[in-house]
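Listed here are the chains, written in short residue letters.
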Amino acid sequence: MNNHKKGVNTICTHVGEVKDEQFQGAVSPIYMSSSYAFMDVDVKRYPRYFNTPNQEALSKKIAALEGAEAAMIFGSGMAAVSTTLLAFLRHGDHIVLQKTLYGGTYNLVVEEFKKYGIDYTFTDGLDKDAFAKAITPKTKVLYIETPSNPLMTITDMQMVSDLAKENGIVTMIDNTFASPINQNPLRFGIDIMIHSATKYMGGHSDICAGAVAASEEHIDRIWNLGKNLGGSLSDMTVWLLERSMKTMAIRVKAQNKNAKKLAKWLDKNEHVNRVYYPGLKSHPDYTLAKAQMKGYGGMLSFELAEGLDPELFQKSLQLIKPSMSLAGVESTMLSPAQTSHLLLGEEERARQGIADGLIRFSVGIEDKKDIIADIEQALQKVAAQVEVPVL
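Residues numbered from 1 in each chain as written. Predicted model: local features only at pLDDT ≥ 70, side-chain atom pairs only at ≥ 80, totals over all residues. Heavy atoms only, no water.

Draft legend 1. Examining the overall build of the protein chain more closely. When helices and strands are tallied, the protein chain shows 14 helices and 12 strands. Here the protein chain, with 391 residues, has 56% of them falling under the buried criterion. Accessible area for the protein chain stands at about 17900 Å²; split by element, carbon and sulfur atoms hold 52% of it. (Helix = DSSP H or I, 4+ residues; strand = E, 2+ residues; numbered from the N terminus. Buried < 20%, exposed > 50% of the residue type's maximum accessible area, 1.4 Å probe, protein only. Areas by Shrake-Rupley, 256 points an atom, 1.4 Å probe, with all protein chains shown as cover.)

Draft legend 2. Main features of the sheet that holds strand β6 (residues 192–196). Spatially, the seven strands line up as an open sheet ordered β1-β7-β6-β5-β4-β2-β3, and their pairing is mixed. If you trace the sheet from one side to the other, it starts and ends with β1 (70–74) and β3 (119–122), each paired once. Strand after strand, the sheet turns through a mean of 20 degrees between neighbouring axes, direction not considered. Direction of pairing for strand β2 (residues 94–97) relative to strand β4 (residues 139–145): parallel, over a ladder of four bridges. Each residue of the ladder has a partner; that of Ile95, found in β4, is Val141. Each of β1, β6 and β7 (210–214) is contacted by helix α2 (residues 53–66), which is oriented at about 125 degrees to β1, the strand it contacts most. Of the strands in this sheet, β2, β3 and β4 are in contact with helix α4 (residues 103–112), which crosses β3 at around 140 degrees. (Pairing = 2+ DSSP bridges. Axes fitted to C-alpha atoms, helices over the stretch in contact; angles between N-to-C directions. Contact = heavy atoms within 4.5 Å.)

Draft legend 3. Broad picture of the pattern of salt bridges. As enumerated under the stated definition, the model contains 10 salt bridges in all. Close ionic contact of Glu242 with Lys246 constitutes a salt bridge, the shortest N to O distance being 3.6 Å. The residues Glu242 and Lys246 share a single accessibility class, namely buried. Here Lys369 makes a salt bridge to Asp367, at a shortest N to O gap of 3.9 Å. Overall, Asp367 belongs to the partly exposed group, its relative accessible area being 47%. A network of salt bridges, in which partner residues are shared, links Glu17, Lys61, Glu242 and Lys246. (Salt bridge = Lys/Arg side-chain N within 4 Å of Asp/Glu carboxyl O.)

Draft legend 4. Just the sheet that holds strand β12 (residues 359–362), in detail. As summarised here, the arrangement of the five strands in space is β8-β9-β12-β11-β10, forming an open sheet in which the pairing is mixed. Looking along the sheet, the strands with just one partner apiece sit at the ends: β8 (272–276) and β10 (321–322). In the sheet, β8 pairs with strand β9 (residues 299–304) via four bridges, with the strands oriented antiparallel. Each bridged residue has a counterpart across the sheet, and for Val275 the counterpart in β9 is Phe302. Contacts from helix α10 (residues 248–268) reach β8, β9 and β12 within the one sheet, and its direction differs from that of β9 by about 15 degrees.

Draft legend 5. Seen up close, a nonpolar patch on the surface. Among the surface-exposed residues, Ile30, Met32 and Met236 lie close enough to one another that they form a single nonpolar patch of about 270 Å² accessible area. Assignment of secondary structure puts Met236 in helix α9 (residues 235–245). The class of Met236 is partly exposed, set by a relative accessible area of 39%. (Patch = residues over 30% accessible without salt bridge, like charges linked within 9 Å, V, L, I, M, F, W, Y side chains within 5 Å.)

Draft legend 6. Broad picture of the nonpolar core. Ile62, Phe131, Leu142, Met201, Leu241, Met245 and Met248 are the most contacted members of the largest nonpolar core, which has 51 residues in total. If near-sequence neighbours (up to four positions away) are discounted, Met245 is found in contact with Cys12, Leu58, Lys61, Ile62, Leu65, Met201 and Arg251. In terms of nonpolar packing, the next biggest core, distinct from the first, is built from 32 residues, Phe302, Leu304, Ile375 and Leu379 among them. (Core = buried A, V, L, I, M, F, W, Y, C linked by side-chain atoms within 4.5 Å.)

Draft legend 7. Summary view of α10. With 21 residues, α10 ought to run about 30 Å at 1.5 Å a step, and its terminal C-alpha atoms sit 30 Å apart, in line with that. All of the buried residues in α10 are Met248, Ala249, Arg251, Val252, Gln255, Asn256, Asn258, Ala259, Leu262, Ala263 and Leu266. (Expected span 1.5 Å × (residues − 1).)

Draft legend 8. Representation of the packing of helix α3 (residues 77–88) against helix α8 (residues 216–229) within the structure. Look at α3 against α8: their axes get within 9 Å of each other, and the N-to-C directions meet at 115 degrees. When the interaxial angle is binned, α3 and α8 end up roughly perpendicular. Handedness of the crossing formed by α3 with α8: right-handed. Residues Thr83, Thr84, Leu86, Ala87 and Phe88 of α3 form the contact with α8, whose participating residues are His218, Arg221, Ile222, Leu225, Gly226 and Leu229. (Parallel < 35°, antiparallel > 145°, perpendicular 65-115°, else oblique. Left-handed = near helix turned anticlockwise from the far one by under 90°.)

Draft legend 9. Broad picture of the packing of α10 against helix α14 (residues 368–384). Interhelical geometry of α10 versus α14 gives an angle of 30 degrees and a closest axis separation of 10 Å. Once α10 is placed against α14, the crossing between them reads as right-handed. Residues Asn258, Lys261, Leu262, Trp265 and Leu266 of α10 form the contact with α14, whose participating residues are Lys368, Ile371, Ile372, Ile375, Glu376 and Leu379. For the contact of α10 with α14, the class distribution of residues is seven nonpolar, one polar and three charged. (Nonpolar A, V, L, I, M, F, W, Y, C, P; charged D, E, K, R; others polar.)

Draft legend 10. Representation of the packing of aromatic side chains within the structure. Throughout the structure, instances matching the rule amount to eight aromatic pairs. Through pairs of rings, three or more aromatic residues link up here, namely Tyr46, Tyr49 and Trp223. Over the ring of Tyr120 we find Lys114, and its NZ or CZ is 5.5 Å from the ring centre. (Phe/Tyr/Trp six-rings, centres within 6.5 Å; stacked < 30°, edge-to-face > 60°. Lys NZ or Arg CZ within 6 Å of the ring centre and 35° of its normal.)

Draft legend 11. Layout of the pairing of β2. Burial along β2 is two-sided: His94 and Val96 facing one way and Ile95 and Leu97 facing the other are all buried. Two strands pair when backbone bridges link them, and β2 and β3 are joined in this way by four bridges, in the parallel orientation. Bridging from a neighbouring strand, Leu97 pairs with Phe122 of β3. Handedness of the crossover is the feature at issue here: the chain leaves β2, passes through α4, returns alongside β3, and the resulting connection is right-handed. (Right-handed = clockwise from strand over helix to strand, strands pointing away.)

Draft legend 12. Representation of the environment of Ile135 in the model. Structurally, Ile135 can be placed in the loop between α5 (128–134) and β4. Ile135 sits in the buried class, given a relative accessible area of 17%. Once the C-alpha coordinates of Ile135 and Thr121 are considered, the two residues, 14 residues apart in sequence, prove to be 8.3 Å apart. The contacts of Ile135, once residues within four sequence positions are left out, are Val96, Leu142, Leu163, Asn167 and Ile169.

Just geometry here; none of it tells us what the structure is for.
So, in structure tokens, the structure goes:
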């Protein structure tokens, strides 16, 4: 049994538990202490050192899900992103990032990196030539996000990994949208996987957390900076995250199923102009997504037909919540131009192809017919507001 490879539901449920030695409870006990013994102990524990019993155990679950040697838990997705990037970049270094990224990551780079003397280049495209052209002798990191937020572009992970290894460069991926259930970048040679654990790992829209999985060597490097920056997560939230992750595979697979059906339905709807979902055969990256993903995810975006007001549409929803975040069990929608990608500015959004009317749709686990009914009634309301020309 020791050599038996555990299934994903078993990993979610059992790996990374804290064993209740005193009472043999079925779930992990929570250790809230911020002060631990320092004499006659193997590990000197302290919350900021990412090594309390609950932090240490949950890191093992995340590492197991990504197939990595080690992992770390952070106070937010951006704490994970910023700490990981700064652990591998210093004054005079250069980083290449793909052109379509989460707005928070983009803003971190353009607002802060110059202060540290770190140069950066955003690629013009997502093919090999676009990445190769951006690499310089000072490039230390290639950073990608696939599927990307919010246009669901797909980046060839094997290509990026091969190119990076040829040039002695570390690769990092924001794997939030896929989650470890749908995609394991380590299989394609990516070095470091980063997550906003607020999203699919948490899955219930009630915690904020981040995670990184990688080799022991890379995690040690991230830890050395992380303990100084102090972006650790409270043990109460760590415990909640471990509890939530027990059902992650079940939740994500249900969201995959719903999202694919919703994407097909929206793609045929007369009130919808365009749908972005890698599980649609019409998606330009469908073949690549099929090759490197186990499921197409619960995220999609769409644009309404000409003349239909996306704000009025979202205000007309009754079941689906217009809401800032994503990946909860409940379906939500938002306008990236007003929220996640607001700080990019109009010009940069246009460069990335993010239309002002684009709607990002995080599909939940509700019954498909109820989600469709809500979208249909909202579309009918917004369509009724369009003036019919008098003949």
